[in-house]
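Report on the structure
The chain contents come next:
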Amino acid sequence: MTDKHIDTRLAHAGTPPLQRGVGPVPVPVVRGSTLRYADMATRFDYARRRAAGEDVASYGIHGFDTHRALEEAVRALEGGVRAFLSPSGLAAITHVFLATLSAGDHALVSDGVYAPLRHTDRTLLKRLGIAVEYFSPAQQNLAALIRPETKLLYLESPSSLLGEVLDLPALSAIAHARGVAVAVDNTWGAGYLHQPLALGADISLQAATKYIGGHADLMQGVVVAGNDHVAAQLVSAQEALGLTVGADEAALALRGIRTLGVRLERHQRNALEVARFLQGRPEVARVYYPALPEDPGHALWKRDFRGANGLLSFALADEDFARATALVDALELFAIGASWGSYESLALLTAPERLAGHSAWAGSRAPLVRLHVGLEDPADLIADLARGFDRAAAGR
Ligand SMILES: *Cc1c(COP(=O)(O)O)cnc(C)c1O
């Protein structure tokens, strides 16, 4: 199947061979907490294979056929040698940090990163003696920041608030020259639009909660190891942390993966129409969406991405936060919500403290509205936004 195009792989990855000549199209949901073994020799054999690094279940926490099928489908997306499932995207991030870093180690993190990671850093990582330093990826000062104890370069591209696209091959080359592992939060690209492992990263992770799930009914994270060295680190931390997901959640993620390509294509088409509309509005100072030719990340995006998704932000020309709030409140088709990637449209006025550490924001005081453009008809979404601008202006 690896010789086929990505959409073909996603439709078929993980599908088991037929038993007795017949079976359902979807991968069956196999729940379980306990394995039964024919005899002790089989039990010892499975424990030995697991210990030797094989991805087989020797205990319920490793999951069963549904989990293996999902891991295979995630590898069909991202490439790599092994996939790991987590109960949330944030758990996947923590998994990567705890797998690759020890007390005294140092990690460099691009400053547009998913904001809750800063909380993980200030609390858990600090307490464990792991130092995290945020850097501006646009200033290309990475080489000067690498210390002897730097073990991880952690990136998110594009960043989910400002769509800042990073030069992953260049940053990876600098890190690898100094023996530093590279991990990328690939939630924006969903594995479909972007393959960090093919561009130099050692680890790619994403919140499957977002586009893989695609229906706002699933929490899950996935981590993919690009080589055996990081795979062994991730196995060890996974076992120590007891990370697992339920079979029903794995089945939801697997169902989402089957339609990922068609959904993303429509999200991009709708988002481009909405972005063009916003660019034409006098109330909008700037639209942040790398698929726009005017976006500073456009050339890198074109080089390293297959397409774009439904996530875009816009800065308002009017700095008054209350009037920006009125705009978001006036929208009817855009629900107010944070966790994007599903079929429905969302709007959110970004809290200024979430942008404070992001150098691409450069201390601007403009209110920033983030939209997730869903699968509705874009004409209706645009009409909703136009009405919202008018109502906010009229103070209604
Ligand atoms: C949402 C998100 C996460 C966290 O995912 P959860 O499943 O909500 O924990 C991590 N990274 C990025 C870029 C995200 O957008």
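Figured I'd write up the structure that's included with this text. (Residues numbered from 1 in each chain as written. Predicted model: local features only at pLDDT ≥ 70, side-chain atom pairs only at ≥ 80, totals over all residues. Heavy atoms only, no water.)

1. So, the side chain of N309
On the secondary structure map, N309 appears in the loop between α11 (298-304) and β9 (311-316). Residue N309 is classed as buried on the basis of its relative accessible area of 0%. Within the structure, the side chain of N309 is placed 2.9 Å from the backbone nitrogen of L311, a separation counted as a polar contact. Beyond its immediate chain neighbours, meaning those up to four positions away, N309 contacts W188, L193, Y211, L264, H267, Q268, A271, Y289 and W340. (Helix = DSSP H or I, 4+ residues; strand = E, 2+ residues; numbered from the N terminus. Buried < 20%, exposed > 50% of the residue type's maximum accessible area, 1.4 Å probe, protein only. Polar contact = N/O pair within 3.5 Å; in protein donor to acceptor, adjacent residues only side chain to side chain. Contact = heavy atoms within 4.5 Å.)

2. With respect to the packing of helix α10 (residues 260-279) against helix α14 (residues 378-394)
Direction vectors running N to C along α10 and α14 enclose 30 degrees, while the axes themselves pass 9 Å from each other. Considering their axes alone, α10 and α14 lie roughly parallel with respect to each other. At the point where α10 passes α14, the crossing takes the right-handed sense. Only P378, L381, I382, L385, A386 and F389 of α14 make contact with α10, whose side of the interface consists of N270, E273, V274, F277 and L278. (Axes fitted to C-alpha atoms, helices over the stretch in contact; angles between N-to-C directions. Parallel < 35°, antiparallel > 145°, perpendicular 65-115°, else oblique. Left-handed = near helix turned anticlockwise from the far one by under 90°.)

3. What about the site of the ligand?
In the vicinity of the ligand there are 13 residues, among which G89, L90, D185, T209 and K210 approach most closely. Within the side chain of D185, one N or O atom sits 2.7 Å away from a nitrogen atom of the ligand. Take K210: an N or O atom from its side chain is 2.5 Å from an oxygen atom of the ligand. Bound to the protein, the ligand loses 93% of the 380 Å² it would expose on its own. A majority-of-atoms criterion places the ligand in the largest pocket. If one sorts the elements of the shell around the ligand by residue count, helix α4 (residues 89-100) sits on top with three residues. For the shell around the ligand, the per-class residue count stands at six nonpolar, four polar and three charged. (Near = heavy atom within 4 Å. Areas by Shrake-Rupley, 256 points an atom, 1.4 Å probe, with all protein chains shown as cover. 1 Å grid on protein atoms, 1.4 Å probe; cavity = no way out; pocket = protein on both sides within 12 Å on 5 of 7 lines; lining within 4 Å. Sits in = over half its atoms within 2 Å of the grid points. Nonpolar A, V, L, I, M, F, W, Y, C, P; charged D, E, K, R; others polar.)

4. Considerations on empty space enclosed by the protein
Under the counting rule described, the total for this entry stands at four cavities of 30 Å³ or more. Approximately 120 Å³ is the volume found for the largest cavity. If you trace the largest cavity, you find 15 residues lining it, with I61, H62, R68, E71 and Q238 closest to the centre. Taken together, the residues of the lining of the largest cavity break down into six nonpolar, four polar and five charged. (Points joined across faces, edges and corners; volume = space filled by probe spheres on them.)

5. A closer look at the sheet that holds strand β10 (residues 335-336)
Sheet architecture is open: five strands sit in the order β8-β9-β12-β11-β10, paired in mixed fashion. Across the chains shown, the open sheet's two edge strands, defined by having one partner strand only, are β8 (284-288) and β10. Taken together, the five bridges between β9 and strand β12 (residues 368-372) define a ladder with antiparallel strand orientation. Counted as the bridge partner of L311 is H372 from β12. Contacting β8, β9 and β12, α10 crosses the sheet at an angle of about 10 degrees to β9. Each of β9, β10, β11 (346-349) and β12 is contacted by helix α12 (residues 321-330), which is oriented at about 170 degrees to β11, the strand it contacts most. (Pairing = 2+ DSSP bridges.)

6. Topic: the environment of L166
With respect to the secondary-structure elements, L166 resides in the loop between β4 (150-156) and α7 (168-177). For L166, a relative accessible area of 4% corresponds to the buried category. Measuring from C-alpha to C-alpha, the distance between L166 and A91 comes to 23 Å, with 75 residues separating the pair along the chain. Among all residues touching L166, those that are not within four sequence positions of it are S110, P137, L155, E156, S157, L171 and L300.

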